[in-house]
Amino acid sequence: MREMIIIIISAILVENFVLTKFLGICPFLGVSNNMSSAIGMSGAVIFVMTIASGVTWLVNEYLLVRFRLEYLQTIAFILVIAALVQFVEIVLRKISPPLYKSLGIYLPLITTNCAVLGVSLLNIEREYTFAKSLVFGCGAGIGFSLALLLFSSIREKLETCDIPKALRGLPITLIAAGLVSMAFFGFQGLFAK
């Protein structure tokens with residue numbers, strides 16, 4: 001149980017995919033401009049990362065390794081992730097059309113979100129069990145969500161600030177992202193290796 005707690009806290013804070021590994025930056029920057037879109041994307045990413053971690057572990061363990069097709073990991077994992085994102089997209093279109101519309105192009109971009117693929121590949125590289133893979137995937141999704149929601153609130157605050165003209169828009173966004181990222185690097189010593 002202790003190891004599972006370390007895995008999830010580490011995935012959320014120490015190894016935050018957006019702020020310390022710099023994976024998934026496109027949807028992070030694209031959807032963080034308002035809180036409602038950030039909340040919707042957070043839920044979608046947590047779901048996709050958790051389920052993708054489990055399904056890709058099963059595909060790897062019971063198909064790729066069994067038939068010595070490990071060289072197809074990346075292709076197989078991307079197919080699994082794409083199918084899950086299509087499922088999320090269909091569900092969101094039915095359940096919440098405004099959220100579906102507000103996420104726009106960033107929802108299908110979860111398919112190519114290297115953070116989702118990175119979680120799946122790290123599960124295999126670290127030889128996690130099925131349960132540990134699910135915990136790591138969920139923790140990584142929560143970490144992505146934490147970064148997205150935190151940054152969304154910062155960006156909303158920046159909209160009301162008096163920012164020099166040269167820094168408005170993307171420049172101040174990237175500066176703020178860098179500062180938040182540096183803050184998360186403070187968690188690096190949380191667990192001794």
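All values reported here derive from a predicted model rather than from experimental measurement. (Residues numbered from 1 in each chain as written. Predicted model: local features only at pLDDT ≥ 70, side-chain atom pairs only at ≥ 80, totals over all residues. Heavy atoms only, no water.)

### A closer look at the overall build of the protein
No. 1: A tally of regular secondary structure across the protein gives 8 helices and 0 strands.
No. 2: The globule rule puts the C-alpha radius of gyration for 193 residues at 16 Å, and the 17 Å found for the protein is close to it.
No. 3: Along the longest, intermediate and shortest principal axes, the C-alpha atoms of the protein span 60 × 45 × 30 Å.
No. 4: The long-range fraction of contacts in the protein, counting pairs at least 24 apart against all pairs at least 6 apart in sequence, stands at 78%.
No. 5: Across the protein, 14 positive and 10 negative side-chain charges occur, with their mean positions spaced 5 Å apart. (Helix = DSSP H or I, 4+ residues; strand = E, 2+ residues; numbered from the N terminus. Rg over C-alpha atoms; globule rule 2.2 N^0.38 Å. Contact = heavy atoms within 4.5 Å. Lys, Arg positive; Asp, Glu negative; His and termini not counted. Charge placed at Lys NZ, Arg CZ, Asp CG, Glu CD.)

### A closer look at the confidence of the model for the protein
No. 1: A residue-level look at the protein finds 98% of positions with pLDDT of 70 or above and a mean pLDDT of 91.
No. 2: For the protein, per-element mean pLDDT is lowest for helix α5 (residues 97–103), which scores 85, and highest for helix α7 (residues 130–158), which scores 96. (pLDDT = per-residue confidence, 0-100.)

### Focus on the environment of Ile7
No. 1: In this fold, Ile7 is placed in helix α1 (residues 2–14).
No. 2: Classification of Ile7 by relative accessible area gives buried; the value is 7%.
No. 3: Considered as a pair, Ile7 and Lys132 are 125 residues apart in the sequence and their alpha carbons are 7.6 Å apart.
No. 4: When neighbours within four sequence positions are excluded, Ile7 is seen to be in contact with Tyr128, Lys132, Val135 and Phe136. (Buried < 20%, exposed > 50% of the residue type's maximum accessible area, 1.4 Å probe, protein only.)

### A short note on a nonpolar patch on the surface
No. 1: Side chains of Met1, Ile5, Ile9 and Leu190 sit close together on the surface and give an oily, nonpolar patch of about 410 Å² of accessible area.
No. 2: Considering the arrangement of structural elements, one finds Ile9 in helix α1. (Patch = residues over 30% accessible without salt bridge, like charges linked within 9 Å, V, L, I, M, F, W, Y side chains within 5 Å. Areas by Shrake-Rupley, 256 points an atom, 1.4 Å probe, with all protein chains shown as cover. Salt bridge = Lys/Arg side-chain N within 4 Å of Asp/Glu carboxyl O.)

### Some thoughts on the side chain of Ser42
No. 1: With respect to the helices and strands, the residue Ser42 is situated in helix α3 (residues 35–64).
No. 2: Leave out the neighbours within four places in its chain, and Ser42 touches Ser145, Leu148 and Leu149.

### Some words on the environment of Lys132
No. 1: Relative to the assigned elements, Lys132 resides in helix α7.
No. 2: The sequence separation of Lys132 and Met4 amounts to 128 residues, and the corresponding C-alpha distance is 6.6 Å.
No. 3: Residues within four places of Lys132 in sequence aside, it is in contact with Glu3, Met4 and Ile7.

### Concerning the nonpolar core
No. 1: Within the largest apolar cluster, 51 residues are counted, with the highest numbers of intra-cluster contacts made by Phe28, Met41, Ile110 and Phe136.
No. 2: Every element with two or more residues in this core is listed here: α1, α2 (25–31), α3, α4 (73–95), α5, α6 (114–125), α7 and α8 (170–184).
No. 3: Top contributing element to this core by residue count: α3, with 10 residues.
No. 4: In contact with Ile110, other than residues within four places in its own chain, are Met41, Ala44, Val45, Val48, Ile81, Val85 and Val116. (Core = buried A, V, L, I, M, F, W, Y, C linked by side-chain atoms within 4.5 Å.)

### Quick look at the pattern of salt bridges
No. 1: A full pass over the atoms with the stated rule returns 3 salt bridges.
No. 2: Glu15 is paired through a salt bridge with Arg126; the nearest N and O atoms lie 2.4 Å apart. Here Arg126 lies in the loop between α6 and α7 and Glu15 lies in the loop between α1 and α2, a separation of 111 residues in the sequence.
No. 3: Using a relative accessible area of 10% as the deciding quantity, one classes Glu15 as buried.
No. 4: What you see here is one network of salt bridges that share partners, running through Glu15, Lys21 and Arg126.

### A few points about the packing of aromatic side chains
No. 1: A full pass over the atoms with the stated rule returns 8 aromatic pairs.
No. 2: With 6.2 Å between their ring centres and 80 degrees between their planes, Trp57 and Tyr62 make a pair best called edge-to-face.
No. 3: Among the aromatic residues, ring-to-ring pairing joins Phe17, Tyr128 and Phe136 into one connected group. (Phe/Tyr/Trp six-rings, centres within 6.5 Å; stacked < 30°, edge-to-face > 60°.)

### Considering the environment of Lys101
No. 1: Of note, Lys101 is situated in helix α5.
No. 2: In sequence terms Lys101 and Ser37 are 64 residues apart; their C-alpha atoms lie 9.5 Å from each other.

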